[in-house]
Amino acid sequence: MAEAADFQGTSPSPARRWLRRTTALLAGAPLLAGLVQLPAAGAAHADGKPPARADADSGPVAVAVDSLTPSAPTDGDTVTVSGTVTNNGKQAVTDAHVGLRVGPEVDTRSSVDSIAKDSDDLQGSIAPEIENKYTEKFSKLVPGVAEHFNISVPADDLNLGEDGVYEFAVSLSGQTSAQPWEQILGIQRTFLPWQPDGSDTKTKTTALWPLISTTHMAAETGPNEEQTPVLLNDDLAKEISPGGRLNQMLTLGKDLDVTWVVDPDLLASVDAMTGSYRVRDGENTVAGTHQDVAKQWLADLQDAVADKEVVALPFADPDLASLAHNGTDVTGSLSQLKSATDVVEDTVGTILHVKPSTDFAWPVDGAVDRSIVKVATSAGADKVIARSDSLQESNGLSYTPSAARPVGGGTTAVVADARLSTAFEGDLTKASSSTLAVQRFLAQSLGMGLQTGKQRSVVIAPQRMPSGSQARAMAEALRALQGSTWSESQKLGAAAAAKPDPDATTTVPGTSSYPSELRRNELPRSAFEEIARTQGTLDNFQVVLSNPSRVVTPFGRALNREMSVSWRGRATEAESFREGVKRYLDGLTGRVRLIDKSETKLSGRSATIPVTVQNNLVQDVGPLVLRLTSTNPTRLEIDGADYEEQPISVSGGHSQSVKFTTSANANGRATVIAQLYTMDGRKYGEPVTFDVKVTEITATVMLVIGGGVLLLVLAGFRMYTQRKRAAARDAEKNGSDGSEASQDPEEGPENPDGTEGRLKKESEAPARAGDPEQPSDPTPNTAAESTDPSGTGERVDR
């Protein structure tokens, strides 16, 4: 493979070659002398003396190289090495010293990897120390105590030979009470890239500098006119504040010649923080307070990218591999990728005031297969950033080819170098780890350049979200590379357009070759199905709104975020986010609803039934169609049919009633269903079902009631005539007893005092207001007003 190719193709002058070989021979004289003495050393060991090196893989003393400057020295430079030595053993180390050792030239890229893997191994080959004057001595190293060292040596005294990568080691030698002889007790190997005179064919290097974060924005917005944005938490403020990860990425990247790769969602989120915003705090939200930090970060970013190449990913950095493997057969999933791509240029252009490149797709870790390439290009991208450990060389090349590869269908795979791209992964919080990563990176870069005399283009695509320590190591390495003699910077667009190597592979692997460890963290099919259901609800909702952009924009971007790469390895958080978006959308759609109705009583052949639609949104809705359907039209008809539809529009914060004409054909209960529909015939919201109790008054009933009234009248007339006849008989009886004709009352009573006449007039006079009720007062002909509650039935208009 090209990754393990020899460093070939160099051609220094014969005079210089002779000089360096002579110098190397003289420098190796002490080593040869030591080799001559090896048998004597072996004999001494047979007599009970120890060998020159410890038997353990790593010695009892840990050597840490915290700084090596310059990282890539040239003629006339002074190399300074600083770090610490720590005695991790149980015995003190005496007569100790730190020395520098320059090993042979490392002639393959795979050898660089092997040396880096066993950088503290005492069993491996160990070069002799350079001159004794470039050491630092310690009389005693106490167990558990770290001692600092700092050694400077002129580059010329390192006796480096031809251009190439050299093993460079820092060792600690000393003795212990148990082993009282000088021996190497600890070592740390690293690399020195050496090309002092430069090269006629510099490698063109493209370094991607990603500004990508996790999802921070919620779908929720304030109900006010400005739609105040809501953030899930305050983590973004920490990232862009001084010392935060994104703040460090910006500060470090602005002084580098890199291609900025940005996620528009990150820019939109920070831009939202520049104004009024809120942050979730449990079930509530609180006012955000980091407007000044957001404004400063955006202003600094605008300055940093003003004259640089900016590549914009689709909104929220969708997971192309998950979509390709689990989402393509779910309706609408590819449309989500298209919508995430369509908003990129406006979002980035508006915020950063630059025109971004939008024709690059970047799958996770540059891992590609045919399905991923197909999905990546479906939304308009024609260049896919892959990685050499995924698109591997199969033609037996002895060198690493240029990045650009035509893979068919007008698509170009831009293949990043895997070794350079992964050089800064892992824990780099310690200075020693960072220094080793930088030197290994530079060694791989120079090693690649020395493979052939042909000029090539190489791309470095690091991890999407480097930590602060990783970013600092990356920046240090890129500064050294951009100041080196073997590399020159190039934009990503130029690397993609470079002439491809005719011998480089152009075959994209099949789906089965996709790494299993990456597949395990993909978004499942169920996630895309849930996204599709939420999109369906949104489509149904937006058609009824007078201002759909207030809902479509925030929810559309929220659905993009549900497909983000940042959910990898966070399945629980991803599911919670999707559920939150769905729940909030359902809550909004539920604010436009039918008011529940109780049983309705229909007392007559025809009547109207009112149905009310309530709109608790701040904007108007409509037109909607309200349909009222009778499940038993033989008993109850709606406007002479099974159902009736009427259009309805409702102002924000109001309710509107619609009246339906009904006619009854028979007595009893009939179930009625009210349902809202969109204008294109799709159901909207939940239906309302209620019963209508029909109690129609028929002609037979009227005859029965009329007959009863007639009987009452006849009975009353009969009672009246009977009483009149009885009064007449009483009068005749009194006359036959010989009584005088009665005197006219007006002429005065028979008694002198007029008592009888006065009593008669008082009995005939009407009762005055306020007089106490007498036992003989007539019973009222109307019942007293009832205080019992009215029936539960709902009366309708007639």
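Bear in mind that the values here come from a model prediction, so they are computed numbers and not experimental data. (Residues numbered from 1 in each chain as written. Predicted model: local features only at pLDDT ≥ 70, side-chain atom pairs only at ≥ 80, totals over all residues. Heavy atoms only, no water.)

Each helix and strand in the chain was counted, giving 22 helices and 30 strands. When contacts within the chain are restricted to residue pairs at least 6 apart in sequence, long-range pairs at least 24 apart make up 78% of them. With the model as given, the accessible surface of the chain reaches about 39,400 Å², and the carbon-plus-sulfur share is 50%. (Helix = DSSP H or I, 4+ residues; strand = E, 2+ residues; numbered from the N terminus. Contact = heavy atoms within 4.5 Å. Areas by Shrake-Rupley, 256 points an atom, 1.4 Å probe, with all protein chains shown as cover.)

To continue, consider the packing of helix H6 (residues 245–253) against helix H8 (residues 291–304). Between H6 and H8, the least distance of the axes is 10 Å, while the angle of their chain directions is 30 degrees. Our classification of the angle between H6 and H8 gives roughly parallel. As H6 packs across H8, the resulting crossing turns out to be left-handed. Contact with H6, carried on its side by Leu 246, Asn 247 and Leu 250, involves Trp 297, Asp 300, Leu 301 and Ala 304 of H8 and no other residues of that element. Here the contact of H6 with H8 is composed, by residue class, of five nonpolar, one polar and one charged. (Axes fitted to C-alpha atoms, helices over the stretch in contact; angles between N-to-C directions. Parallel < 35°, antiparallel > 145°, perpendicular 65-115°, else oblique. Left-handed = near helix turned anticlockwise from the far one by under 90°. Nonpolar A, V, L, I, M, F, W, Y, C, P; charged D, E, K, R; others polar.)

With that settled, consider the packing of helix H7 (residues 264–273) against H8. Running from N to C, H7 and H8 cross one another at 135 degrees; their axes reach a closest spacing of 7 Å. When the axes of H7 and H8 are compared, the pair comes out oblique. In the packing of H7 onto H8, the handedness of the crossing is left-handed. Contact residues: Leu 266, Leu 267, Val 270, Asp 271 and Met 273 in H7; Gln 291, Ala 294, Trp 297, Leu 298 and Leu 301 in H8.

What follows concerns the nonpolar core. Formed by 74 residues in total, the largest nonpolar core has its most connected members in Phe 541 and Leu 626. Apart from residues no more than four positions distant in its own chain, Leu 626 is found in contact with Leu 594, Val 611, Val 613, Glu 644, Glu 645, Gln 646, Ile 648, Val 658, Phe 660, Ala 674, Gln 675 and Leu 676. Membership of the second largest hydrophobic core comes to 65 residues, among which are Leu 236, Leu 250, Ala 423 and Phe 424. (Core = buried A, V, L, I, M, F, W, Y, C linked by side-chain atoms within 4.5 Å. Buried < 20%, exposed > 50% of the residue type's maximum accessible area, 1.4 Å probe, protein only.)

Before going further, it helps to examine the pattern of salt bridges. Enumeration according to the criterion identifies 26 salt bridges in this entry. With a closest N to O distance of 3.3 Å, Arg 101 and Glu 129 form a salt bridge. With Arg 101 in strand E3 (residues 93–106) and Glu 129 in the loop between helix H4 (109–117) and strand E4 (135–141), the pair connects residues that are 28 residues apart, well separated along the chain. Judged by relative accessible area, which is 25%, Glu 129 ranks as partly exposed. With a closest N to O distance of 3.0 Å, Arg 440 and Asp 113 form a salt bridge. (Salt bridge = Lys/Arg side-chain N within 4 Å of Asp/Glu carboxyl O.)

Now for H7. Buried residues dominate H7, accounting for eight of its ten residues. All buried positions along H7 are accounted for by Pro 264, Asp 265, Leu 266, Leu 267, Ser 269, Val 270, Ala 272 and Met 273. Put simply, Asp 263 is the residue that caps the front of H7, since its side-chain oxygen is 3.0 Å from the backbone nitrogen of Asp 265. (Polar contact = N/O pair within 3.5 Å; in protein donor to acceptor, adjacent residues only side chain to side chain.)

Attention now goes to the sheet that holds strand E2 (residues 78–87). The strands making up a sheet associate through hydrogen bonds between their backbones, and the pairing can be parallel or antiparallel. Taken together, the three strands give an open sheet; going across it, the order is E1-E2-E5, and neighbouring strands pair in antiparallel fashion. Edge positions in the sheet fall to strand E1 (61–69) and strand E5 (146–154), since each has one partner strand and no second. On average, each strand axis in the sheet is tilted by 20 degrees relative to the strand beside it, whichever way the strands run. Here nine bridges tie E2 to E5, and the two strands are oriented antiparallel to one another. Across the sheet, Val 79 pairs through a bridge with Val 153, a residue of E5. (Pairing = 2+ DSSP bridges.)

Another point: the pairing of E3. Burial analysis of E3 places ten of its 14 residues in the buried class, the great majority of the element. The pairing of E3 with E4 spans six bridges and is antiparallel. Looking across to E4, one finds that His 97 is bridged to Lys 137. Pairing of E3 with strand E6 (residues 164–175) involves nine bridges; the strand directions are antiparallel. Counterpart to Arg 101 in the pairing with E6 is Ala 169.

Let's shift gears to the packing of aromatic side chains. Taken as a whole and assessed by the stated rule, the structure comprises four aromatic pairs. For the pair Phe 424 and Phe 441, a centre-to-centre distance of 5.3 Å together with 45 degrees between the ring planes defines the contact as tilted. Here Phe 441 lies in helix H14 (residues 431–449) and Phe 424 lies in the loop between helix H13 (418–421) and H14, a separation of 17 residues in the sequence. Judged by relative accessible area, which is 4%, Phe 424 ranks as buried. (Phe/Tyr/Trp six-rings, centres within 6.5 Å; stacked < 30°, edge-to-face > 60°.)

Next up on the list: a nonpolar patch on the surface. On the surface, Leu 710, Leu 711 and Leu 714 cluster together to form a nonpolar patch covering roughly 320 Å² of accessible area. Examined against the element boundaries, Leu 710 turns out to sit in helix H21 (residues 699–736). (Patch = residues over 30% accessible without salt bridge, like charges linked within 9 Å, V, L, I, M, F, W, Y side chains within 5 Å.)

Okay, unusual backbone geometry next. Following Thr 69, the chain continues into Pro 70 via a peptide bond in cis, with omega recorded as -10 degrees. Take Pro 70: it is sitting in the loop between E1 and E2. A cis amide bond links Gly 622 with the next residue in sequence, Pro 623, at an omega value of 0 degrees. With respect to the helices and strands, Pro 623 occurs in strand E24 (residues 621–630). Notably, Asp 95 is not glycine yet its phi reads approximately 50 degrees, a positive angle. By secondary structure assignment, the location of Asp 95 is in strand E3. Despite not being glycine, Asp 365 has its phi angle at roughly 55 degrees, a positive value. Mapping Asp 365 onto the fold places it in the loop between strand E15 (360–361) and helix H12 (370–376). Note on Asp 365: relative accessible area 35%, which makes it partly exposed.

Taking 1.5 Å per residue, 13 residues should reach 18 Å; helix H19 (residues 549–561) reaches 18 Å between its end C-alpha atoms and fits that length. In terms of burial, H19 is largely enclosed, as ten of its 13 residues are buried. When H19 is considered as a whole, its buried residues turn out to be Arg 550, Val 551, Pro 554, Phe 555, Gly 556, Arg 557, Ala 558, Leu 559, Asn 560 and Arg 561. The inward-facing, buried residues of H19 contact strand E9 (217–221), H7, helix H10 (333–342), helix H18 (525–542) and helix H20 (571–589). (Expected span 1.5 Å × (residues − 1).)

Judged by pairing direction, the sheet is antiparallel, and its four strands sit side by side in the order E4-E3-E6-E7 without closing on themselves. Looking at strand neighbours, the two that pair on one side only are E4 and strand E7 (183–194), the edges of this open sheet. Across the sheet, the mean angle separating the axes of adjacent strands is 25 degrees when strand polarity is ignored. Most of the contacts of H4 go to E7, to which it runs at about 150 degrees, and overall it touches E3, E6 and E7. Packing of H14 onto the sheet brings it into contact with E6 and E7, and relative to E7 it is tilted by some 45 degrees.

For Gly 144, the location among the structural elements is in the loop between E4 and E5. On the accessibility criterion, Gly 144 (61% relative accessible area) is exposed. Here the alpha-carbon distance between Gly 144 and Gln 91, two residues 53 residues apart in the chain, equals 10.0 Å. Leaving out residues up to four positions away in the same chain, Gly 144 has contacts with Thr 86 and Asn 87.

Moving on to the environment of Asp 642. Residue position: Asp 642 is located in the loop between strand E25 (636–638) and strand E26 (643–650). C-alpha of Asp 642 to C-alpha of Asn 632: the two residues are ten residues apart in sequence and 7.9 Å apart in space. Apart from the residues within four sequence positions on either side, Asp 642 is in contact with Leu 628, Thr 629, Ser 630 and Pro 633.

Quick look at the confidence of the model for the chain now. Per-residue pLDDT for the chain has a mean of 85; in total, 83% of the residues score no lower than 70. Counting interchain partners and residues more than four positions distant, the pLDDT-below-50 stretch residues 1–56 has 82 contacts. This stretch, residues 738–798, has a pLDDT under 50; its non-local contacts, to residues over four places away or in other chains, come to 34 contacts. (pLDDT = per-residue confidence, 0-100.)

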